[in-house]
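Topology and contacts: notes
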Amino acid sequence: MNRPLVLDIDQSVGPLAERLVIPLSHWQESLRFGCSLGTLARFRRGLDEAWPTGTATAMLGSGDFHHLSWPLIERVPASGPFQVVVLDNHPDNMRFPFGVHCGSWVRRVAGLPQVEHVHVVGISSRDIGIAHAWENYLAPLRRGRLSYWSVGVDVSWAARIGLAGAFHGFDSVAALVEAFGNLQRAQPRPTYLSIDKDVFAPEVARTNWDQGQLQLDDALAIIASLRGGLVGSDITGEISAYRYRSWWKRRLSALDDQPAVDGRELGRWQAQQHALNERLLDAIARRIEPDPPGDAKAELS
């Protein structure tokens, strides 16, 4: 049973069936958007003490907390190497000099010895275009530990510096989903799945970051292609409003063009998010166990 485990930092996750809740609102100011490595280590130690037994999808709240995927992936009790598949509109592999933040954690995960590869799937952000190339950590891309799967972004610059193999650019979401699904079906791997719902088009679910192009059926097809089973999973990208007490977080958030949340629409958007969570959790539950060799199980519809 895939009981959702709510890391309740910003009170944004709806009342999911069978959920387990860890109250963590006292961590919001220190963790949201970004934090020092020392702060994250203290959070990790507390989480280890509070974590219940059994398989669960962690619900992280706003996409401002996506860097919490790093300690979750680090603590996976896997018996062997596994891949990490991140559905995200952004590479989350950007330079950040103050520790780690929601857009810089992927480099840390790509360096873990138990992680054989990280795929960031669904990027339509210009964060991987030539204008922002210098902001990306190139080492994990060059070492074959990280791949970007993008839609509608000119990534031709990567070939000019020998990184063509790490960049998979497509003109349509359908072409991306087909190519990634074919790879996963041909080479099944145990997988940790991390979903940031800013990968979806705004009509699917509103988040508090700029958004991508995926529809729900696209995500379900990607999840269904993970035939090697899931060793863990998390979902982030809820929508919540917060004003930082620290001036530097307000400044960094503004520099990243983080959009303001319309309080008049917040309730409706959170209800939309809740319905999406239920569909994603159902799809994840079907992928926890690996398919038998040669299994021809139909795609999720």
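All of the points below concern the structure found in this document. Small disclaimer: the values here were computed from a predicted structure and weren't measured. Here, residues in each chain are numbered from 1, in the same order as that chain's written sequence. Note on the predicted model: pLDDT of at least 70 is required for a residue's local features to be given, and 80 or more for side-chain atom pairs to be given and counted; whole-chain, interface and lining totals, by contrast, use all residues. Each side-chain value is derived from all of the structure's non-hydrogen atoms; neither hydrogens nor water enter the calculation.

1. A look at the overall build of the protein chain
Secondary structure elements follow DSSP: runs of H or I no shorter than four residues count as helices, runs of E no shorter than two count as strands, and numbering proceeds from the N terminus. Broken down by element type, the protein chain carries 10 helices and 11 strands. Just to be clear, the radius of gyration here is over C-alpha atoms, and the globule rule we use is 2.2 Å times residues to the power 0.38. Relative to the 2.2 N^0.38 estimate, which gives 19 Å for 301 residues, the radius of gyration of the protein chain is 18 Å and therefore close to what a compact globule would have. C-alpha extents for the protein chain along the principal axes are approximately 50 × 45 × 35 Å. In this scheme, a residue with accessible area under 20% of its type's maximum is buried, one over 50% is exposed, and one in between is partly exposed, where area comes from a 1.4 Å probe on protein chains only. Looking at the protein chain as a whole, 57% of its 301 residues qualify as buried.

2. Re the packing of aromatic side chains
Aromatic contacts are taken between Phe, Tyr and Trp rings whose centres are within 6.5 Å, Trp giving its six-membered ring; a plane angle under 30 degrees counts as stacked, one over 60 as edge-to-face, and the others as tilted. Counting across every chain of the model gives 8 aromatic pairs. Ring centres 5.5 Å apart and planes at 80 degrees place the aromatic pair F96 and F98 in the edge-to-face group. Relative accessible area serves as the criterion here: at 47%, F98 is assigned to the partly exposed category. A connected cluster of aromatic rings, assembled from ring pairs, spans Y148, W157 and F167. When the NZ atom of lysine or the CZ atom of arginine is within 6 Å of a ring's centre and also within 35 degrees of its normal, the charge is said to sit over that ring. One cation-aromatic arrangement involves R75 over W51; the distance from NZ or CZ to the ring centre is 4.5 Å.

3. Here we look at the sheet that holds strand β11 (residues 230-238)
Any two strands between which DSSP finds at least two bridges are classified as paired. Taken in spatial order, the 9 strands of this open sheet run β2-β1-β4-β11-β10-β5-β7-β8-β9, and their pairing is parallel. Strands with a single pairing partner mark the edges of an open sheet, and in this sheet they are β2 (20-23) and β9 (167-170). For this sheet, the mean angle separating the axes of adjacent strands, direction not counted, is 15 degrees. Relative to β11, strand β4 (residues 57-62) runs parallel, the two being bridged by 5 bridges. Note on β11: the bridge partner recorded for S62 is E238. Any two residues whose heavy atoms approach within 4.5 Å at even a single point are treated as in contact. Lines are fitted to the C-alpha atoms to define the axes, a helix being fitted only along its stretch in contact, and any angle between axes, read from their N-to-C directions, falls within 0 to 180 degrees. Against the sheet, helix α7 (residues 173-186) engages β5 (82-87), β7 (115-123), β8 (146-151) and β9, with an angle of about 150 degrees to β8.

4. Quick notes on the pairing of β11
Most of β11 sits inside the fold, with 8 of its 9 residues counted as buried. Strand direction decides the pairing type here: strand β10 (residues 191-196) and β11, joined by 6 bridges, are parallel. In the strand pairing of β11, T191 is matched with L230. In this fold, the crossover linking β10 to β11 by way of helix α8 (residues 216-224) has right-handed handedness. By definition, the crossover connecting two strands over a helix is right-handed if that path, from the first strand to the second, turns clockwise as seen with the strands pointing away from the viewer.

5. So, the pattern of salt bridges
For salt bridges, the criterion is a side-chain nitrogen of Lys or Arg within 4 Å of an Asp or Glu carboxyl oxygen. Summed over the entire model, instances satisfying the criterion amount to 11 salt bridges. When the shortest N-O distance is used, the salt bridge between D64 and R32 registers 2.8 Å. Of this pair, D64 sits in the loop between β4 and α3 (69-74) while R32 is found in the loop between α1 (28-31) and β3 (34-35), placing the two residues 32 residues apart along the sequence. Overall, D64 belongs to the buried group, its relative accessible area being 1%. One salt bridge in this structure joins R44 and E74, with 3.1 Å as the shortest N-O distance. Separated by 30 residues along the polypeptide, R44 in helix α2 (residues 37-50) and E74 in helix α3 bring together distant segments of the chain. Through salt bridges with shared partners, one network takes in R44, D48, E74 and R75.

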